[in-house]
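Structural features, examined
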Amino acid sequence: MPVDVAAEVMTNQQLSADYNVLGLRAPEIARAAVPGQFVMIKAGLAHDPLLRRPFSVFEILRDDAGAPSGLSLLNKRIGPSTALLFGARPGQQVFCLGPLGRPFSLVEAPTEAWMVAGGVGLAPFVTLAEALRARGVRSTLFYGARRAEELFCRNLFQALDVELVLTTEDGSTGVRGRVTGPLEQRLASHPRADPVMLYACGPEGMLAATAKIAMRYERRCQVSVERVMGCGLGGCYSCVVKMRAEHGGFHHVRSCLSGPVLAGDQILWD
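What this report covers is the structure whose coordinates are included nearby. (Residues numbered from 1 in each chain as written. Predicted model: local features only at pLDDT ≥ 70, side-chain atom pairs only at ≥ 80, totals over all residues. Heavy atoms only, no water.)

The subject of this paragraph is unusual backbone geometry. The step from G98 to P99 runs through a cis peptide bond, and the omega angle for that step is -5°. Here P99 lies in strand β7 (residues 93–100). Across the junction of G259 and P260, the peptide omega takes the value 15°, indicating a cis bond. With a phi angle near 60°, C153 is a residue other than glycine that sits in the positive phi range. By the secondary structure assignment, C153 is in the loop between β9 (139–145) and α4 (154–158). At Y237, a position not held by glycine, the phi torsion is positive, near 55°. Turning to its location among the elements, Y237 is positioned in the loop between β13 (220–224) and β14 (240–244). (Helix = DSSP H or I, 4+ residues; strand = E, 2+ residues; numbered from the N terminus.)

Listed below in structure tokens is the structure:
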């Protein structure tokens with residue numbers, strides 16, 4: 001069950017002028033969280049901003065004995081709540097509700113795991129990479145951004161023996177273009193008999209493209225959708241996703257309850 005805690009800010013690592021990683025002391029949530037889940041954050045103690053914001057659990061932080069002591073968030077400053085989180089100082093408190101949502105399904109070796117991240121869509125993949133490594137699963141991260149300066153925290157994946165395939169829209173690092181380009185090239189040359197699971201998180205256009213590529217090459221694909229959430233508990237219906245119905249047609253699901261991780265081939269993207 002999710003818990004609501006006043007989490008102390010432990011660290012604030014500023015990555016750039018608009019991105020940071022915020023470490024929160026929340027052992028109750030850290031012990032329960034699994035890859036793909038999220039938390040709802042109220043960044044200030046005042047009424048404004050009123051609503052919480054959803055954030056994927058970026059890292060599980062541990063104490064010297066290895067026990068879960070907190071979690072971190074990958075934050076981009078784009079509005080009042082994220083600006084407060086960008087400027088948070090150690091010792092401050094933020095309200096943190098979680099863990100919430102349906103997580104990723106973990107594959108077993110010899111299936112390979114290919115993670116596809118665009119921008120802050122990187123957030124759910126550190127915990128996923130850790131869990132896959134513990135299972136002996138070979139992992140690759142296809143990671144794209146507008147420019148090299150926005151390809152953050154690559155060292156975390158290198159430490160987990162994850163192969164990195166980098167793309168930038170301006171060509172400043174890696175392959176020039178969108179992240180789905182080298183993904184499709186790799187799938188086209190990968191032996192059909194060798195199983196692969198795709199995991200994707202990022203802008204919806206990227207998720208749709210990844211899901212369609214996966215279907216073209218008959219590969220399984222799970223996507224972590226990004227939706228505006230007012231509550232994170234299914235009460236406000238602000239985060240609905242249009243899905244294929246079992247016997248034709250469609251239905252809507254709340255991504256905070258049925259997701260955020262959903263089967264890519266079951267979402268009606270168009």
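This paragraph deals with the sheet that holds strand β6 (residues 68–76). Read from one edge of the open sheet, seven strands run β4-β3-β7-β1-β2-β6-β5, paired in antiparallel fashion. This sheet does not close on itself; its edge strands, each paired only once, are β4 (53–56) and β5 (59–62). Direction aside, the axes of adjacent strands within the sheet are offset by 40° on average. For strand β1 (residues 3–14) and strand β2 (residues 19–25), the ladder comprises six bridges, and the chain directions are antiparallel. Counterpart to E8 in the pairing with β2 is R25. (Pairing = 2+ DSSP bridges. Axes fitted to C-alpha atoms, helices over the stretch in contact; angles between N-to-C directions.)

The next subject is the sheet that holds strand β16 (residues 261–263). The strand order across the open sheet formed by seven strands is β11-β10-β9-β8-β12-β13-β16, and the pairing between neighbours is mixed. Among the strands making up the open sheet, the edge pair consists of β11 (175–176) and β16. Strand direction decides the pairing type here: strand β12 (residues 196–201) and β13, joined by five bridges, are parallel. Following the sheet pairing, L198 is matched in β13 by C221. Lying over the sheet, helix α6 (residues 204–216) contacts β8 (112–118), β12 and β13, oriented at roughly 170° with respect to β12. (Contact = heavy atoms within 4.5 Å.)

Quick look at helix α3 (residues 125–134) now. Counting buried positions over the 10 residues of α3 gives seven, a clear majority of the element. Three or more residues of α3 are buried, namely F125, V126, T127, L128, A129, A131 and L132. Residues of α3 that are buried make contact with β5, β8, β9, α4 and β12. At the C-terminal side of α3, G136 shows a positive phi close to 75°. (Buried < 20%, exposed > 50% of the residue type's maximum accessible area, 1.4 Å probe, protein only.)

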